[in-house]
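Structural characterization, general
Each chain, letter by letter, is given below.
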Amino acid sequence: MAVEVKKDTKPVYGKDRFLMFRLYKDRATKAAIKLAFQTVHTWKYEAKSDSTDTKDGSINSPATPVATLDIEAISSLDEVNKFLADAVLHSEKLEVWDINLADVKGDGKYGATYGQGYLQSWEVPSEVGKLVNLKTAMNIDQIPQDGEVEFTADQQNQIQYAFTDTKPVTGGASK
């Protein structure tokens, strides 16, 4: 059976996808926040089957899928870097959203993948003459879920600064 490619099929660009985080314990009181200067994130899904040898040959049994999320970003002195590093040190459960800005759903909503889990590492090598590139890995509980998330203008401004007028800006907001 041949797979039909629809005419509206578009490639996915990494620049359109970014991660937002929140401590699970803060879900009733705080909004998710974006890790600044993200460079790469990689979802890995793995389900290694177990094999049992029999006199008739091997029989494979399915395994429970495991999901991990590898993350790289340029390190910065902000609250998100601190709270993520603390989450590793104190075994804090996190929520993560992988939001795809190219997947517009309407009404300010975008396609996203959501997961819960724990960061397993926090690596921040410092090399002379280079930006500090942090690396971390997150083990995801159960299976990540796809859905839609609201993405506000304020959250968009965390990714890209907004156009501003030449007049003095008052009240900390640009229009």
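Refer to the preceding data block for the structure.
Sequence positions are assigned chain by chain, starting from 1 and proceeding in written order. Local features in a predicted model are, by the rule used here, given only for residues with pLDDT of at least 70; side-chain atom pairs are given and counted only at 80 or more, and totals for whole chains, interfaces and linings are based on all residues. Based on all heavy atoms of the structure, the side-chain values leave hydrogens and waters out of the count.

Counting from the N terminus, the helices are DSSP H or I runs at least four residues long and the strands are E runs at least two residues long. Relative to the assigned elements, S76 resides in the loop between β6 (66-74) and α1 (79-89). Any pair of N or O atoms that falls within 3.5 Å is considered a polar contact. Within protein, one atom must be able to donate a hydrogen and the other to accept it, and sequence-neighbouring residues count only if both atoms are side-chain atoms. There is a polar contact of 3.3 Å between the side chain of S76 and the side chain of N81. For S76, the residues in contact, after removing those within four places along its chain, are A36, F37 and N81. Contacts are assigned to residue pairs with any non-hydrogen atoms lying within 4.5 Å of each other.

Here strand β4 (residues 50-54) pairs with strand β5 (residues 57-61) via five bridges, running antiparallel. What sits directly across from S51, in β5, is N60. Connecting the antiparallel pair β4 and β5 is a turn made up of two residues. Between any two strands, pairing holds if DSSP finds at least two bridges.

Next up on the list: the environment of D141. Turning to its location among the elements, D141 is positioned in the loop between β9 (133-140) and β10 (145-150). Judged by its relative accessible area of 30%, D141 falls in the partly exposed class. Counting along the chain gives 74 residues from D141 to A67, while the straight-line C-alpha distance between them is 7.5 Å. The residues touching D141, leaving out its near neighbours within four places in the chain, are K93, Q116, G117 and Y118. Exposure is judged per residue with a 1.4 Å probe applied to protein chains only, and the accessible area is read against the type maximum: over 50% gives exposed, under 20% gives buried, and values in between give partly exposed.

Turning next to the nonpolar core. Nonpolar cores were defined as sets of buried Ala, Val, Leu, Ile, Met, Phe, Trp, Tyr and Cys residues, with membership established by side-chain atoms within 4.5 Å. Ranked by internal contacts, the top residues of the largest apolar core, which has 19 residues, are F21, L69, L84, L94, V96 and M138. For this core, the secondary-structure elements that each account for two or more residues are β1 (17-23), β6, α1, β7 (94-106) and β9. Residues contacting L94, with those up to four places away along its chain left out, are R22, L23, Y24, F83, L84, A87, G115, Q116, G117, L119 and M138. Core analysis: the next-biggest nonpolar cluster, separate from the first, contains nine residues, F18, A32, W97 and A112 among them.

Each aromatic ring pair is described using two quantities: the centre-to-centre distance and the angle formed by the ring planes. Note on aromatic pairs: the rings of Phe, Tyr and Trp (six-membered ring only in Trp) are paired at centre separations within 6.5 Å, and the planes decide the class, stacked below 30 degrees, edge-to-face beyond 60, tilted for the rest. By the definition in use, this model includes four aromatic pairs. For the pair W97 and Y114, a centre-to-centre distance of 5.2 Å together with 45° between the ring planes defines the contact as tilted. Note that W97 is positioned in strand β7 and Y114 in strand β8 (residues 109-119), a separation of 17 residues in sequence. By way of ring pairs, the aromatic residues F18, Y110 and F151 are connected into one cluster. Directly above the ring of Y13 sits K15, whose terminal nitrogen or CZ lies 5.8 Å from the centroid. Positioned above the aromatic ring of Y24, the side-chain terminus of K93 is 4.7 Å from the ring centre. Over a ring means this: the NZ of a Lys or the CZ of an Arg is within 6 Å of the ring centre and within 35 degrees of the ring normal.

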